[in-house]
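# Per-entry structural report
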Amino acid sequence: MDQSQRNAVIAYKPLLRAAAYVDGQWVDGAAGRTIEVTDPFTGGLITTIPALEQAQVQAAIDAAARAFPAWARTPARERGKILRRLLDLIMAHRDDLARLITLENGKPLKEAYGEVDYGAGFVEVYAEEAPRALGEIIPAPVPGRKLYAEREPVGVSVAITPWNFPLAMLTRKFAPALAAGCTMVAKPASQTPLAALALAQLAEEAGVPPGVFSVVTGSAGMIGDLFTSSPIVRKLSFTGSTEVGVKLMAACAPTVKRLSMELGGNAPMLIFDDADLATAVDAAMIAKFRNCGQSCIAANRIYVQRGIYDAFVESFAQRVAAMKLGDGLEEDTDIGPLIDAPAVAKVNEHLEDALSGGGRLLVGGKGEGRMQPPTLVVDVAPGALLTREETFGPLAGLVAFDAYEDAIRLANDTPFGLASYVCSTSPTTIAHAGRDIESGMVGVNTGLISTPYAPFGGVKLSGIGKEGSSHGLDEYLNIKYVCHAGL
Ligand SMILES: NC(=O)C1=CN([C@@H]2O[C@H](COP(=O)(O)OP(=O)(O)OC[C@H]3O[C@@H](n4cnc5c(N)ncnc54)[C@H](OP(=O)(O)O)[C@@H]3O)[C@@H](O)[C@H]2O)C=CC1
Ligand SMILES: O=C(O)[C@H](O)CS(=O)(=O)O
């Protein structure tokens with residue numbers, strides 16, 4: 001589409017709010033400071049958002065504390081009904097939310113629609129889970145006593161979210177927090193705040209009371225310091241790099257906060273000789289290129305057993321070459337711009353390293369600006385940079401392996417353990433690999449494992465805690481044991 005057509009598509013943005021949301025009010029920065037939000041495809045300005053001052057962020061935390069008692073005492077079914085109303089509002093605004101996500105993140109519109117549905121799924125799950133924070137009656141060990149355990153909301157929570165799924169990574173925290181009876185102050189990534197601010201507007205419309213949910217924007221360091229040091233904040237949930245996650249964990253230690261950490265990954269994909277070729281290619285395409293490869297569960301390294309290697313290379317190369325790089329707003333775009341030029345530079349670094357180590361470039365190549373073509377390198381050396389660090393882009397590197405034991409050794413040779421993928425038709429291979437691979441999640445004969453109905457999360461340096469499913473509610477609940485004697 002030409003610029004005028006593109007401008008017409010993005011002109012209608014009813015949910016675009018160029019303000020932060022604090023204690024039920026839309027506010028500017030007290031000192032008038034702002035942050036630019038740009039369109040990764042054109043580099044042009046979409047809007048500016050406030051850079052809040054410290055006192056404004058503190059006001060959001062204080063408002064969350066004031067709102068907590070009444071929100072915690074709100075019947076869980078009522079909290080669930082409010083989340084259900086929010087779900088209906090999200091789906092009623094599906095088109096506008098998807099356009100906002102593509103505009104600020106760059107991902108193809110069809111993936112942005114997928115993210116809206118995925119993000120809405122967390123609101124649906126926790127609308128249902130809200131009244132299921134059940135307790136227990138414990139048989140008393142001695143006469144005259146009644147023992148019971150009940151699950152209570154942790155209190156004031158904060159969330160810090162990344163740019164790669166600007167809506168879903170927030171609803172994955174916001175929905176269980178509010179369902180459990182917690183209040184929440186969220187800080188979205190500065191590059192992609194608009195979906196979070198749109199969520200705040202819809203939450204307000206759905207009846208979430210002032211102070212229960214605020215969205216603050218501004219200096220990550222200042223906001224992070226306030227979030228981690230405040231004794232009022234009892235829970236911090238973070239999705240982002242392990243480097244930042246470790247800093248946040250350490251900063252939370254003095255106030256002993258509850259923590260949920262969804263951090264970096266380095267997912268291996270193991271394709272065995274007995275895999276169904278079409279299934280393996282489909283799985284690799286999704287696991288590698290979903291979200292333009294900007295996902296912590298992306299197949300960061302693809303290990304292919306020698307018996308199927310040549311057939312897989314031929315079929316996979318055809319599929320990669322058929323992908324379209326372009327404007328995320330174009331319906332037939334498969335790979336949009338990456339979030340920024342440094343992201344492309346990182347992909348180029350991994351590409352050059354793979355080639356210098358003996359890899360062969362079959363599709364794509366070096367990217368420029370924010371545009372990185374879908375790229376395939378084969379015969380990559382086992383120790384290449386792309387097998388050790390998150391590429392976070394549309395670069396697929398294939399490494400050949402011989403025996404099952406070699407595949408498991410290579411897969412586990414990383415300090416990370418978020419997701420992994422196994423393609424095989426052997427029940428024994430699948431069972432053994434599912435047991436032997438050190439990761440929080442395993443995809444078998446699929447590259448798409450993300451769903452709000454299952455526990456998402458990693459081990460080792462990939463984090464702690466689970467998001468999604470009933471397990472995600474426990475992250476925002478404490479268990480209180482009551483021993484009632486003299487009966
Ligand atoms: N697990 C995941 O889903 C994701 C992992 N990543 C990993 O992180 C790498 C870099 O991406 P990036 O977005 O920079 O990830 P970061 O971890 O740097 O940022 C994620 C979030 O943390 C905030 N943040 C950054 N530094 C601090 C701090 N000191 N205190 C409080 N909050 C902070 C950011 O705010 P701000 O935007 O204002 O800087 C953003 O909201 C990627 O290459 C990838 O490896 C990235 C995104 C998602
Ligand atoms: O599918 C998801 O939930 C995303 O991949 C999450 S993340 O790990 O990329 O942030």
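Residues numbered from 1 in each chain as written. Chains lettered and ligands numbered in written order. Predicted model: local features only at pLDDT ≥ 70, side-chain atom pairs only at ≥ 80, totals over all residues. Heavy atoms only, no water.

An unreviewed UniProt entry annotates the chain as Succinate-semialdehyde dehydrogenase/glutarate-semialdehyde dehydrogenase originating from Sphingobium lignivorans. The Sequence similarities (unreviewed entry) field of the UniProt record for the chain holds the comment "Belongs to the aldehyde dehydrogenase family." (UniProt positions renumbered as here; feature names shortened; annotations may be inferred.)

Helix and strand counts for the chain come out as 16 helices and 22 strands. Structurally, the chain occupies a C-alpha span of about 75 × 65 × 40 Å along its principal axes. Out of the 487 residues belonging to the chain, those deemed buried represent 57%. Averaging the locations of the 43 positively and 54 negatively charged side chains of the chain gives two centres separated by 7 Å. (Helix = DSSP H or I, 4+ residues; strand = E, 2+ residues; numbered from the N terminus. Buried < 20%, exposed > 50% of the residue type's maximum accessible area, 1.4 Å probe, protein only. Lys, Arg positive; Asp, Glu negative; His and termini not counted. Charge placed at Lys NZ, Arg CZ, Asp CG, Glu CD.)

We now examine the site of ligand 1. The environment of ligand 1 is made up of 23 residues, and the closest members are Thr-161, Trp-163, Ser-190, Ser-241 and Glu-390. Interatomic distance of 2.7 Å between a backbone N/O atom of Thr-161 and an oxygen atom of ligand 1. For ligand 1, an oxygen atom lies 2.6 Å from a polar atom in the side chain of Ser-190. Computed on the free molecule, ligand 1 has an accessible area of 860 Å², of which 78% lies beneath the protein chains in the complex. Mapped onto the shell around ligand 1, the elements with two or more residues apiece are helix H8 (220-229), strand S10 (233-239) and helix H9 (242-252). (Near = heavy atom within 4 Å. Polar contact = N/O pair within 3.5 Å; in protein donor to acceptor, adjacent residues only side chain to side chain. Areas by Shrake-Rupley, 256 points an atom, 1.4 Å probe, with all protein chains shown as cover.)

Turning our attention to the sheet that holds strand S5 (residues 136-138). What links the strands of a sheet is backbone hydrogen bonding, and the strands pair in either a parallel or an antiparallel sense. If you trace the three strands from one edge of the open sheet to the other, you get S5-S6-S22, paired in antiparallel fashion. Either end of the sheet is taken by a strand with one partner, and the two such strands are S5 and strand S22 (477-484). Within this sheet the neighbouring strands show an average axis-to-axis angle of 25 degrees, counted without direction. Bridge count between S5 and strand S6 (residues 146-153): three bridges; the pairing is antiparallel. Bridge assignment links Ile-138 to a residue of S6, and that residue is Leu-147. (Pairing = 2+ DSSP bridges. Axes fitted to C-alpha atoms, helices over the stretch in contact; angles between N-to-C directions.)

Note that Ser-450 resides in the loop between strand S19 (441-444) and strand S20 (459-460). Excluding residues that lie within four positions of it along the chain, Ser-450 makes contacts with Tyr-118, Arg-290, Ile-297 and Phe-456. (Contact = heavy atoms within 4.5 Å.)

With that out of the way, let us pick up the site of ligand 2. The immediate surroundings of ligand 2 are formed by 13 residues, with Tyr-118, Arg-290, Ser-295, Cys-296 and Ser-450 found nearest. One nitrogen or oxygen atom from the side chain of Tyr-118 is found 2.6 Å from an oxygen atom belonging to ligand 2. Side-chain polar atom of Asn-164 to an oxygen atom of ligand 2: 3.0 Å apart, as the coordinates give it. Here ligand 2 has 290 Å² of accessible area as a free molecule, and 100% of this is covered by the chains. Split by residue class, the shell around ligand 2 holds six nonpolar, four polar and three charged. (Nonpolar A, V, L, I, M, F, W, Y, C, P; charged D, E, K, R; others polar.)

Quick look at the confidence of the model for the chain now. Reading fine detail from the predicted coordinates is not recommended where pLDDT is low. Residues of the chain with pLDDT of at least 70 account for 100%, and the chain-wide mean is 97. This prediction of the complex comes with two scores: 0.97 for pTM and 0.94 for ipTM. (pLDDT = per-residue confidence, 0-100.)

This part takes up the sheet that holds strand S14 (residues 360-363). If you trace the seven strands from one edge of the open sheet to the other, you get S14-S15-S16-S13-S12-S18-S19, paired in mixed fashion. This sheet does not close on itself; its edge strands, each paired only once, are S14 and S19. Strand after strand, the sheet turns through a mean of 25 degrees between neighbouring axes, direction not considered. Here five bridges tie strand S12 (residues 267-271) to strand S13 (residues 299-305), and the two strands are oriented parallel to one another. Bridging across to S13, Met-269 finds its partner in Ile-302. Packing of helix H12 (residues 341-356) onto the sheet brings it into contact with S14, strand S15 (375-378) and strand S16 (395-401), and relative to S15 it is tilted by some 25 degrees.

Bringing the UniProt feature "active site" (unreviewed entry) in the chain into the picture now. The positions that UniProt labels "active site" (unreviewed entry) are, in the present scheme, Glu-262. With respect to the helices, strands and loops of the structure, Glu-262 is situated in strand S11 (residues 258-262). Assessed through its relative accessible area of 6%, Glu-262 is described here as buried. Contacts of Glu-262, omitting those with residues within four sequence positions, involve Met-169, Arg-172, Phe-238, Thr-239, Gly-240, Cys-296, Leu-418, Phe-456, Ser-462 and Glu-467. Among the polar contacts listed, one links the side chain of Glu-262 to the side chain of Arg-172, at a separation of 3.0 Å.

Right, let's get into the UniProt feature "domain: Aldehyde dehydrogenase" (unreviewed entry) in the chain. In the numbering used here, UniProt assigns the feature "domain: Aldehyde dehydrogenase" (unreviewed entry) to residues 26-482. Counted over residues 26-482, helix gives 41% and strand 21%. Its end C-alpha atoms are 42 Å apart.

All right, on to unusual backbone geometry then. At Asn-291, a residue that is not glycine, the phi angle is positive and equals roughly 60 degrees. Relative to the elements of secondary structure, Asn-291 occurs in the loop between helix H10 (277-289) and S13. Positive phi values are uncommon outside glycine, yet Cys-292 reaches one of about 60 degrees. Within the element layout of this structure, Cys-292 appears in the loop between H10 and S13.

What follows deals with the environment of Gly-265. Here Gly-265 shows up in the loop between S11 and S12. Accessibility expressed as a relative area gives 2% for Gly-265, which makes it buried.

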